[in-house]
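So you can see what is in the structure, the chains are spelled out below.
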Amino acid sequence: MTGSVTGSTTGAAAEPIGGRPIRVALLGCGTVGTQIVRLLTEQADELAARIGTPVELVGIAVRRADRHREVPAELLTTDAAALVARDDVDVVVEVVGGIEPTREWLLTALRAGKSVVTANKALLAEHAGDLFTAADASGADLYFEAAVAGAIPLLRPLRESLAGDRITRVMGIVNGTTNFILSAMDETGAGYAETLDEAARLGYAEADPTADVDGYDAAAKAAILASLSFHTRVTMGDVHREGISAVTPADVAAARGLGRTIKLLAICERVEAADGTASVAVRVHPAMIPRSHPLAGVGGAFNAVFVEAEAAGQLMFYGQGAGGAPTASAVLGDLVAVARNRVVGGRGPRESAYADLAVRPIAQASTRYHISLDVADRAGVLAAVAAVFAEHEVSISAVRQEGRTSDASLVIVTHSAEDAALRSTVDKIAGLPFVNRVVSVMRVEGEDQ
Ligand code: NDP
Ligand code: HSE
């Protein structure tokens with residue numbers, strides 16, 4: 001996180017375009033880009049009516065022009081930098097992905113006063129500050145609704161509708177691939193690897209699913225959500241991240257046995273200390289939640305996000321978080337917004353990072369925990385394990401023991417405890433002579449402390 005406060009040195013908004021069409025350069029024509037072209041074509045008249053002037057697609061940058069027979073050949077180019085630099089471009093829509101050279105293209109566009117619409121969460125989670133600085137200097141717009149939770153209108157409510165409130169917590173399922181995998185494991189009892197194969201077969205998981213299953217995609221989205229919610233620049237490095245590859249069928253069954261299910265959650269919190277000092281905590285990890293919790297019913301590749309604000313109370317956003325057409329819907333919504341701004345010569349919201357809150361380390365995060373141990377089944381074991389919890393001031397909420405022949409499965413659920421205290425507790429328990437194995441340690445969310 002950087003310490004600068006932005007929004008003070010701002011350029012004037014771009015001049016009204018005065019009746020001519022809005023000229024758009026599209027960077028990328030893959031899963032999302034193809035759907036953007038389709039919607040721009042099919043809805044041309046309606047978009048023109050809503051904006052007040054037609055939208056004209058002046059060029060489409062791709063990597064392999066020979067593979068794009070679905071779009072007019074004369075629009076295609078493999079030179080994205082040259083397309084961005086053209087004088088006849090008002091708005092750049094970027095659906096290529098990745099950090100470089102995309103960052104350079106978008107900075108060039110913004111510095112030249114061209115508004116930018118992007119779905120690129122990886123770029124925004126690292127470089128939103130640079131992009132907003134460039135936008136502010138030239139008076140251009142930077143919109144990115146599609147970067148988090150696909151079709152679901154979420155960033156606009158955070159940036160605009162809730163701008164008069166104080167957001168205290170954002171918690172949700174923001175990665176469709178991992179939600180599909182965890183839902184399938186819960187429904188069928190299947191293992192992680194075979195469910196990942198199924199996700200790939202159905203087209204949810206990418207050829208390299210690392211960004212999804214290791215939590216990078218959700219962490220990027222969490223950084224964007226936290227930045228907007230708490231008026232603070234939060235980047236990928238500020239987000240504690242754990243993926244789902246270590247979740248076992250035994251964890252899923254244990255959760256089920258206790259009336260819970262496992263979800264990969266992104267959690268962004270505003271934490272207020274006793275002296276009134278505020279900070280933010282941002283984390284992505286698998287967690288058990290009660291089956292009665294509204295997020296527990298979010299199945300397949302869907303996304304859902306809970307927002308809590310002081311005056312508004314709890315709000316829930318739900319819908320398709322990925323896919324070509326749903327994501328293109330969010331991109332087109334942004335395109336209409338920036339085009340309308342260009343028509344009247346106005347500007348949308350700038351970056352709001354004035355609060356500049358400190359980011360808390362994960363060691364200070366407090367949650368409940370579910371700990372599963374494989375122990376020897378003899379007198380005094382439970383008391384000795386409980387003593388270690390007491391020694392670290394971690395309060396136990398529930399215990400369940402199932403004896404087998406010579407050993408036993410011991411499941412302990414704690415009250416809310418700091419991550420650091422819990423880790424020390426588990427480390428000490430792992431070294432006890434009668435503890436055969438720490439089977440799993442998982443956070444529990446969505447329940448009273
Ligand atoms: P794809 O891989 O399907 O498409 C990427 C496009 O970028 C392709 O058309 C490719 O060209 C083009 N491209 C790649 N490198 C270059 C380059 N150097 N110069 C010009 N063009 C290039 O990606 P998606 O459509 O799935 O995703 C695009 C963006 O949208 C990403 O930021 C992603 O995170 C985001 N997003 C995607 C969602 C989804 O469900 N797919 C959901 C939400 C956000 P070619 O076709 O010739 O290879
Ligand atoms: N790979 C992402 C997901 C795409 O599975 O949610 C949407 O950002």
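Each chain carries its own residue numbering, running from 1 in the direction its sequence is written. Lettering for chains starts from A, numbering for ligands starts from 1, and both go in the order in which the items are written. Residue-level local features of this predicted model are given only where pLDDT is at least 70; pairs of side-chain atoms are given and counted only at 80 or more, and the full residue set underlies all totals for whole chains, interfaces and linings. Hydrogens and water molecules were not included; the side-chain quantities draw on all heavy atoms of the structure.

The chain has the name Homoserine dehydrogenase in an unreviewed UniProt entry, where Actinokineospora spheciospongiae is given as its organism. In its Function (unreviewed entry) section, UniProt records this for the chain: "Catalyzes the conversion of L-aspartate-beta-semialdehyde (L-Asa) to L-homoserine (L-Hse), the third step in the biosynthesis of threonine and methionine from aspartate." Per UniProt, the chain carries the Sequence similarities (unreviewed entry) text "Belongs to the homoserine dehydrogenase family." UniProt positions are given in the numbering used here, feature names are shortened, and annotations may be inferred rather than shown by experiment.

**Student:** Would you explain the pattern of salt bridges in this entry?
**Tutor:** Oppositely charged side chains may form a pair once their charged atoms are brought near each other. Here, a salt bridge means any Lys or Arg side-chain nitrogen found within 4 Å of an Asp or Glu carboxyl oxygen. Summed over the entire model, instances satisfying the criterion amount to 29 salt bridges. Here Glu445 and Arg169 are joined by a salt bridge, their closest N and O atoms 3.3 Å apart. Pair noted here: Glu445 is in the segment after β18 (435–444) and Arg169 is in strand β7 (residues 167–173), with a separation of 276 residues, a long-range link. Side by side, Glu445 and Arg169 carry an identical accessibility label, which is buried. Here the salt bridges do not stand alone but share partners, grouping Arg20, Arg23, Asp90 and Arg342 into one network. In this description a helix means any DSSP run of H or I spanning at least four residues, a strand means any run of E spanning at least two, and both kinds are numbered starting from the N terminus. Relative accessibility thresholds used throughout: buried, under 20% of the residue-type maximum; exposed, over 50%; partly exposed, between the two (1.4 Å probe, protein chains only).

**Student:** Where do I start with the site of ligand 2 in this structure?
**Tutor:** Proximity criterion: a residue is near a molecule or strand once any of its heavy atoms comes within 4 Å of it. Close contacts around ligand 2 come from Lys121, Asn175, Gly176, Thr177, Glu206, Asp212, Asp217, Lys221, Gly321 and Ala322, and that covers them all. Within 3.5 Å is the distance limit for a polar contact, defined as a pair of N or O atoms, with the added protein rule that one can donate a hydrogen and the other accept it, and that residues adjacent in sequence qualify only through two side-chain atoms. The separation between an oxygen atom of ligand 2 and a polar side-chain atom of Thr177 is 2.6 Å. In the environment of ligand 2, a nitrogen atom lies 2.8 Å from a nitrogen or oxygen atom belonging to the side chain of Asp212. Contributing elements (two or more residues each) for the shell around ligand 2: α7 (176–188) and α10 (216–230). Of the residues assigned to the shell around ligand 2, the class counts are one nonpolar, four polar and five charged. For this classification, the nonpolar set comprises Ala, Val, Leu, Ile, Met, Phe, Trp, Tyr, Cys and Pro, the charged set comprises Asp, Glu, Lys and Arg, and every other residue, Gly included, is treated as polar.

**Student:** Just to check I follow, could you spell out a nonpolar patch on the surface for this structure?
**Tutor:** In this scheme, patches are assembled from residues that exceed 30% relative accessible area and form no salt bridge. Like charges are connected within 9 Å, while nonpolar side chains (Val, Leu, Ile, Met, Phe, Trp, Tyr) are connected within 5 Å. Note that accessible areas follow from Shrake-Rupley with a 1.4 Å probe, and for residues the cover is restricted to the protein chains shown. Among the surface-exposed residues, Phe302, Met316 and Tyr318 lie close enough to one another that they form a single nonpolar patch of about 280 Å² accessible area. With respect to the element layout, Met316 can be found in strand β12 (residues 313–320).

**Student:** Would you explain the confidence of the model for the chain in this entry?
**Tutor:** In low-pLDDT segments, the atomic positions of the prediction should not be examined closely. Confidence per residue, as judged by the predictor, is encoded in pLDDT with a range of 0 to 100. For the chain, mean pLDDT is 93; residues scoring 70 or higher make up 96% of the total. With pLDDT under 50 throughout, residues 1–9 is counted as low confidence; its partners more than four residues away or in other chains account for 22 contacts. Two residues qualify as a contact provided that any one of their heavy atoms is within 4.5 Å of a heavy atom in the partner residue.

**Student:** Help me out: how do you make sense of helix α12 (residues 324–344) in this one?
**Tutor:** Given 3.6 residues to a turn, an α-helix orients residues that are three or four positions apart in the same direction. Taking 1.5 Å of rise per residue, the 21 residues of α12 would be expected to cover 30 Å, and the 30 Å separating its terminal C-alpha atoms lies within 8% of that figure. The element α12 is largely enclosed, with a buried count of 15 among its 21 residues. In the segment just after α12, Gly345 is the residue with positive phi, at about 80°. By this rule, a helix spans an expected 1.5 Å times one less than how many residues it contains.

**Student:** What's the story with α10 in this structure? I'm lost.
**Tutor:** Spanning 15 residues, α10 covers 21 Å between terminal C-alpha atoms, matching the ideal 21 Å at 1.5 Å per step. Across the 15 residues of α10, 14 count as buried, placing the element largely inside the fold. Backbone geometry just downstream of α10 places His231 in the positive-phi region, at approximately 50°.

**Student:** In this structure, what is going on with the sheet that holds strand β1 (residues 22–27)? I would like to understand it.
**Tutor:** Sheet strands pair via backbone hydrogen bonds, and the direction of the pair is either parallel or antiparallel. Whether two strands pair depends on DSSP finding at least two bridges between them. If you walk across this open sheet you meet the six strands as β3-β2-β1-β4-β5-β6, and the pairing is parallel. Of all the strands in the sheet, just β3 (76–77) and β6 (142–143) have a single pairing partner and so form its edges. Relative to strand β2 (residues 55–61), β1 runs parallel, the two being bridged by six bridges. From the neighbouring strand, Val24 faces β2, where its bridge partner is Leu57. Throughout, an axis means a line fitted to C-alpha atoms (over the contacting stretch in the case of helices), and angles, computed between N-to-C directions, take values from 0 to 180 degrees. Sitting on the sheet, helix α1 (residues 31–42) touches β1, β2 and β4 (91–94), and the angle it makes with β2 is about 155°.

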